[in-house]
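Architecture and fold: a report
Read off the chains here:
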Amino acid sequence: MSESSSNAPRMVAIELEPAPERKPAGEPHAIIGRRISQEALKRLSDLHTRYLKGVPNGWCVIMKECDLSGLDFRNLNFSHGHFIGCDFTGANLEDSHFTGANLFSADFDAANLTRTNFARADLRGAQFENAELEGAQLEGADLRRGAVIRRGASAPVGKENSSFRGARMFGTNMAECKLLEASFEGASMSGASLQGADLRGANFSGAELKGVELSGANLADADFRRAVMDEGTALRGDLMRAVKPRSAPGPERMAKVLADHMLWIQTGQQKGIRADFARMDLSRTDFSRAVLAGALFRETILADANFENAFLAAADFTDAILLRANLLGADLRGADLRGADLKEARQDGAKTGALSGTSLSTRL
């Protein structure tokens, strides 16, 4: 196993060697490439518990590339165990313990990790997409880039950066974690702690952060351009070197933008200026009854924005964040909503479809 320096973004790779033919009596055997049954997991847990307690005939569990998907790990203690490249997808690890464990390139997609303890674990290259991490403890864990060279392969296959894409992270403790270039795309984070974490180059596109502790975190080049962040979270972190959305215009400037856009519409684009809100943070902005036909909202953060009865024909909302937006009665004929996040958006009575007199139709 080779180690990268804490500042280097290079990927770490582990090659899975074949199991040895024999082991001296009393030494643990590495289990490689096996599907583990629930009954076998219980036996392994008993052996590992004996190892942790220093009881004779205990074994430290060592697994490589094993299939543990869907298994029940509730309340089991595998601290300091080895699970390199193992598959935990859909498993239930509620209240389990993996403190200081080697989980290099493990896959926890869609797993239940409620109150799971991963403190100081090696989780380089681990995947947590769509996982439940309420109350999970990852303090001091290493989640930098890493991958396993699978048996029979000459190079790593699959994802290399640790990912929490679409994960639910309520009260999750990730203080002091190494999260260089990790992905939090579309994650829901509330009351989580990233205090002192290394988040250089991390991607928060489409994520929602409420009451998240960012004090002392290294946010250099972290991408928050499409992240929904409450004021308290923003104030706790040093975002000077992070990549942020454009600031919203003040009230006077906004009034002028809307007036210029109306003139642009009324004069057939001959006068005035088209409203360009691309890549801005316009969360909670009130656009009710506004005339914004053809306006640009590309990659704009519009969480909780109010567009009730607004005229938005042919507006460009590609990749916009419309989380919980009020679109009641809005005219969206010919609008481009491809890639937009409309989660929990209210759309009753909204007009969609072809825009009369043009070749445009609402695109989703």
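Summary of the structure given here. Worth saying up front: this structure is predicted, and the values here are computed from it rather than measured.

**Focus: the overall build of the protein**
Within the protein one finds three helices and nine strands. Going from the N terminus to the C terminus, the protein shows its helices and strands as β-β-α-β-β-β-β-β-β-β-α-α. Residues classed as buried in the protein amount to 48% of the 364 residues present. Of the roughly 16,800 Å² that the protein leaves accessible, carbon and sulfur atoms contribute 46%. In the protein, which carries 45 positive and 48 negative side-chain charges, the distance between the mean positions of the two groups comes to 2 Å.

**Some thoughts on the layout of surface pockets**
Estimated volume of the largest pocket: approximately 390 Å³. Classifying every residue of the lining of the largest pocket by side-chain character gives nine nonpolar, three polar and six charged. Size it by volume and the second largest pocket reaches roughly 330 Å³. Around the second largest pocket, the lining is made up of 21 residues, and of these Gly-186, Ser-188, Gly-206, Asp-341 and Lys-343 lie nearest the centre. Elements supplying a minimum of two residues to the lining of the second largest pocket: strand 7 (188–190) and strand 8 (208–210). Of the residues forming the lining of the second largest pocket, the biggest block, three residues, is contributed by strand 7. By residue class, the composition of the lining of the second largest pocket is six nonpolar, six polar and nine charged.

**Points about the sheet that holds strand 7**
Strand pairing within a sheet occurs via backbone hydrogen bonds; the two strands may be parallel or antiparallel. Pairing is parallel across the open sheet formed by four strands, whose spatial order is 6-7-8-9. Only two strands of the sheet have a single partner each, and these edge strands are strand 6 (168–170) and strand 9 (228–229). As defined by bridge partners, strand 7 adjoins strand 8 across three bridges and the pair is classed as parallel. Across the sheet, the residue bridging to Ser-188 is Glu-208, located in strand 8.

**Some points on the nonpolar core**
If you look at soluble globular proteins, the nonpolar side chains tend to sit buried side by side. In terms of nonpolar packing, the biggest core is built from 63 residues, with Phe-88 and Phe-184 touching the most fellow members. Among the elements that take part in this core, helix 1 (residues 38–53) stands out by supplying three residues, more than any other. Sequence-distant contacts of Phe-184, that is, excluding residues within four places in its chain, are made with Phe-164, Met-169, Met-174, Leu-179, Met-189, Leu-199, Ala-202, Asn-203, Phe-204, Ser-205 and Ala-207. In terms of nonpolar packing, the next biggest core, distinct from the first, is built from 28 residues, Leu-282, Leu-312, Ala-340 and Ala-345 among them.

**Considerations on the environment of Arg-145**
Considering the arrangement of structural elements, one finds Arg-145 in the loop between strand 4 (82–84) and strand 5 (146–149). Residues Arg-145 and Gly-125, 20 residues apart in the sequence, show an inter-C-alpha distance of 5.0 Å. A polar side-chain atom of Arg-145 sits 2.5 Å from a polar atom in the side chain of Glu-160.

**Details of the state of the cysteines**
For the coordinates displayed, the defined rule picks out zero disulfides. The cysteine Cys-66 is free of any disulfide, with Cys-86 supplying the nearest cysteine sulfur at 4.8 Å.

**Brief notes about the pattern of salt bridges**
Pairs can form between side chains of opposite charge once their charged atoms are near each other. The tally for this structure, following the rule as stated, stands at 23 salt bridges. Two residues, Arg-279 and Glu-299, come together in a salt bridge whose shortest N-O distance is 3.7 Å. One end of the pair, Arg-279, is in the segment after helix 3 (251–266); the other, Glu-299, is in the segment after helix 3, with 20 residues separating them in the sequence. We classify Glu-299 as partly exposed; its relative accessible area is 23%.

**Let's talk about the packing of aromatic side chains**
Enumeration according to the criterion identifies 24 aromatic pairs in this entry. Ring centres of Phe-297 and Phe-307 lie 5.8 Å apart, and the angle between their planes is 90 degrees; on these two criteria the pair is classed as edge-to-face. In this pair, Phe-297 is assigned in the segment after helix 3 and Phe-307 in the segment after helix 3, connecting sequence segments ten residues apart. A relative accessible area of 0% places Phe-297 in the buried class. Note on Phe-307: relative accessible area 0%, which makes it buried. When the ring of Phe-307 is compared with that of Phe-317, the centres are 5.9 Å apart and the planes differ by 90 degrees; the resulting orientation is edge-to-face.

Definitions and limits used
Residue numbers run consecutively from 1 along every chain, following the written order of its sequence. Since the coordinates come from a predicted model, pLDDT governs what is reported: local features require at least 70, and pairs of side-chain atoms require 80 or more to be given and counted, while whole-chain, interface and lining totals use all residues. Side-chain numbers here rest on the full set of heavy atoms in the structure, without hydrogens or water. The secondary structure listing takes helices from DSSP runs of H or I that are at least 4 residues long and strands from runs of E that are at least 2 residues long, numbered from the N terminus. Residue exposure (1.4 Å probe, protein chains only): buried if accessible area is under 20% of the type maximum, exposed if over 50%, otherwise partly exposed. To measure how exposed things are, a 1.4 Å probe is used in the Shrake-Rupley method; for residues, cover is taken only from the protein chains shown. When charges are counted, neither His nor the chain ends are considered; positive counts come from Lys and Arg and negative counts from Asp and Glu. The location of each charge is read from NZ of Lys, CZ of Arg, CG of Asp or CD of Glu. Only protein atoms enter the 1 Å grid, on which a cavity is a set of points fitting a 1.4 Å probe that cannot get out and a pocket is an open set with protein on both sides within 12 Å along at least 5 of 7 lines, lining residues being those with an atom within 4 Å of a point. Grid points are joined across faces, edges and corners, and a volume is the space filled by probe spheres set on the points. Amino acid classes used here: Ala, Val, Leu, Ile, Met, Phe, Trp, Tyr, Cys and Pro are nonpolar; Asp, Glu, Lys and Arg are charged; the rest, including Gly, are polar. In short, DSSP must find at least two bridges between two strands for them to pair. Remark: nonpolar core denotes a set of buried residues (Ala, Val, Leu, Ile, Met, Phe, Trp, Tyr, Cys) joined through side-chain atoms within 4.5 Å. It only takes one pair of heavy atoms within 4.5 Å for two residues to be counted as in contact. In protein, a polar contact means a hydrogen-donor-capable atom and an acceptor-capable atom, both N or O and within 3.5 Å, with residues adjacent in sequence counting only if both atoms are side-chain atoms; elsewhere, any N or O pair within 3.5 Å suffices. Two cysteine sulfur atoms make up a disulfide if the distance between them is within 2.5 Å. For this document, the term salt bridge refers to a Lys or Arg side-chain nitrogen within 4 Å of an Asp or Glu carboxyl oxygen. Centres within 6.5 Å are what make two rings of Phe, Tyr or Trp a pair, Trp counting through its six-membered ring; a difference in plane orientation under 30 degrees is then read as stacked, over 60 as edge-to-face, and the rest as tilted.

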